[in-house]
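Chain by chain, the residues run as shown.
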Amino acid sequence: MNRNLVKALQVAWELPEFRTGVRHVVDLEEIAGLLATLSVPDHDHEVERSLLSLLRSGLDTVEIREAVLLLLERDEVRKRLVAAAVEPLADRPGQAAAIASAAEDPAVRREVRAVLASAKVRELIWQAIDNQLSDDRFGLIRRAAVLFVWHPRVRRLAWAVRRHGVLRELRRKR
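Residues numbered from 1 in each chain as written. Predicted model: local features only at pLDDT ≥ 70, side-chain atom pairs only at ≥ 80, totals over all residues. Heavy atoms only, no water.

A few words on the overall build of the protein. When its secondary structure is counted, the protein shows 12 helices and zero strands. Seen in sequence order, the protein has helices and strands lined up from the N terminus as α-α-α-α-α-α-α-α-α-α-α-α. Counting the 174 residues in the protein, one finds 36% classified as buried. Sequence-distant contacts in the protein: of pairs separated by 6 or more residues, those separated by 24 or more amount to 66%. Of the roughly 10400 Å² of accessible surface on the protein, 58% is carried by carbon and sulfur atoms. (Helix = DSSP H or I, 4+ residues; strand = E, 2+ residues; numbered from the N terminus. Buried < 20%, exposed > 50% of the residue type's maximum accessible area, 1.4 Å probe, protein only. Contact = heavy atoms within 4.5 Å. Areas by Shrake-Rupley, 256 points an atom, 1.4 Å probe, with all protein chains shown as cover.)

Across its 15 residues, helix α9 (residues 119-133) extends 21 Å between first and last C-alpha, which sits within 8% of the 21 Å expected from 1.5 Å per residue. Buried within α9 are the following residues: Val121, Arg122, Leu124, Trp126, Ala128 and Asn131. Downstream of α9 by one or two residues, aspartate 135 has phi in the positive range, about 55°. (Expected span 1.5 Å × (residues − 1).)

Right, let's get into a nonpolar patch on the surface. Judged by side-chain polarity, Val146, Phe148, Val149, Trp150 and Trp159 come together as a nonpolar surface patch covering roughly 540 Å² of accessible area. Considering each element in turn, the nonpolar patch owes the most residues, four residues, to helix α10 (residues 137-150). Owing to a relative accessible area of 36%, phenylalanine 148 belongs among the partly exposed residues under this scheme. (Patch = residues over 30% accessible without salt bridge, like charges linked within 9 Å, V, L, I, M, F, W, Y side chains within 5 Å. Salt bridge = Lys/Arg side-chain N within 4 Å of Asp/Glu carboxyl O.)

Attention shifts here to the packing of α9 against α10. Put simply, α9 and α10 touch, their axes get as near as 8 Å, and they point 160° apart. The angle between α9 and α10 places the two elements in the roughly antiparallel class. For the pair α9 and α10, the sense of crossing is left-handed. Every residue of α10 that contacts α9 at Val121, Leu124, Ile125, Gln127, Ala128, Asn131 and Gln132 is listed here: Gly139, Leu140, Arg143, Val146 and Leu147. When the residues that make up the contact of α9 with α10 are grouped by side-chain class, the tally is seven nonpolar, four polar and one charged. (Axes fitted to C-alpha atoms, helices over the stretch in contact; angles between N-to-C directions. Parallel < 35°, antiparallel > 145°, perpendicular 65-115°, else oblique. Left-handed = near helix turned anticlockwise from the far one by under 90°. Nonpolar A, V, L, I, M, F, W, Y, C, P; charged D, E, K, R; others polar.)

Within the secondary structure layout, aspartate 75 lies in helix α6 (residues 75-86). Its relative accessible area of 42% is what places aspartate 75 among the partly exposed residues. A sequence separation of 29 residues divides aspartate 75 from glutamate 104, and the C-alpha atoms of the two residues are 8.5 Å apart. Looking at aspartate 75, its side chain comes within polar contact range of the side chain of arginine 78, at 2.4 Å. (Polar contact = N/O pair within 3.5 Å; in protein donor to acceptor, adjacent residues only side chain to side chain.)

Side chains of a nonpolar character, in soluble globular proteins, are inclined to be buried together. Among the nonpolar cores identified, the biggest contains 13 residues, and Trp13, Leu15, Phe18, Leu35, Val77 and Leu81 are the most heavily contacted of them. Those elements that place two or more of their residues in this core are α1 (3-14), α3 (28-38) and α6. Examining the composition of this core, we find that four residues originate from one element, α1, more than from any other. (Core = buried A, V, L, I, M, F, W, Y, C linked by side-chain atoms within 4.5 Å.)

Moving on to the side chain of glutamate 169. Here glutamate 169 lies in helix α12 (residues 166-171). Ignoring any residue separated from it by four or fewer positions in sequence, one finds glutamate 169 in contact with Arg92, Gly94, Gln95 and Ala98.

Right, let's get into unusual backbone geometry. Leaving glycine out, the prevailing phi sign among residues is negative, and the prevailing peptide bond configuration is trans. Even without a glycine there, the phi angle at aspartate 135 is positive, about 55°. With respect to the element layout, aspartate 135 can be found in the loop between α9 and α10.

Our focus in this paragraph is the packing of helix α4 (residues 45-60) against helix α5 (residues 62-73). Following both chains from N to C, one finds α4 and α5 inclined at 90°, their axes separated by 5 Å at the closest point. When the interaxial angle is binned, α4 and α5 end up roughly perpendicular. Judged by residue contacts, Gly58, Leu59 and Asp60 of α4 engage Val62, Ile64 and Arg65 from α5. Of the residues belonging to the contact of α4 with α5, the class tally is three nonpolar, one polar and two charged.

Following this line, the structure appears as structure tokens:
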């Protein structure tokens, strides 16, 4: 699992606002245990699958998805999460700056909200994540192409993050 994602999830979990926002719909102890296990370098990959399953059910639950998206609209929460996510990118300052810039753009956040609102798009995203975890590059590329071609909100999101240089920086060699 991507270490940046794990770090951002851990920072989010440490925010009292985050835990309070999702306390009534998730098992806090289960998530805390999964995040603690993921922070160990040689963890079991079943733990990754468990956390991804929890994330998936969270994104599919309207209340959790809305609670998280509302928290991300709060400057103090978003800034702390973005700082945690880009911290490991110290050796790639261009990529860190592009991601931080995109996260601060209300248009990007609107497109993320619109993309996550579609059950079909969420399903394709999870299929792509499963393909990546299974090292199925062809499946991952196929899912990404379907997302981009058939879902206009995904194209709009891609263009929104492109304006901030995120795609260019992701392609850049170290």
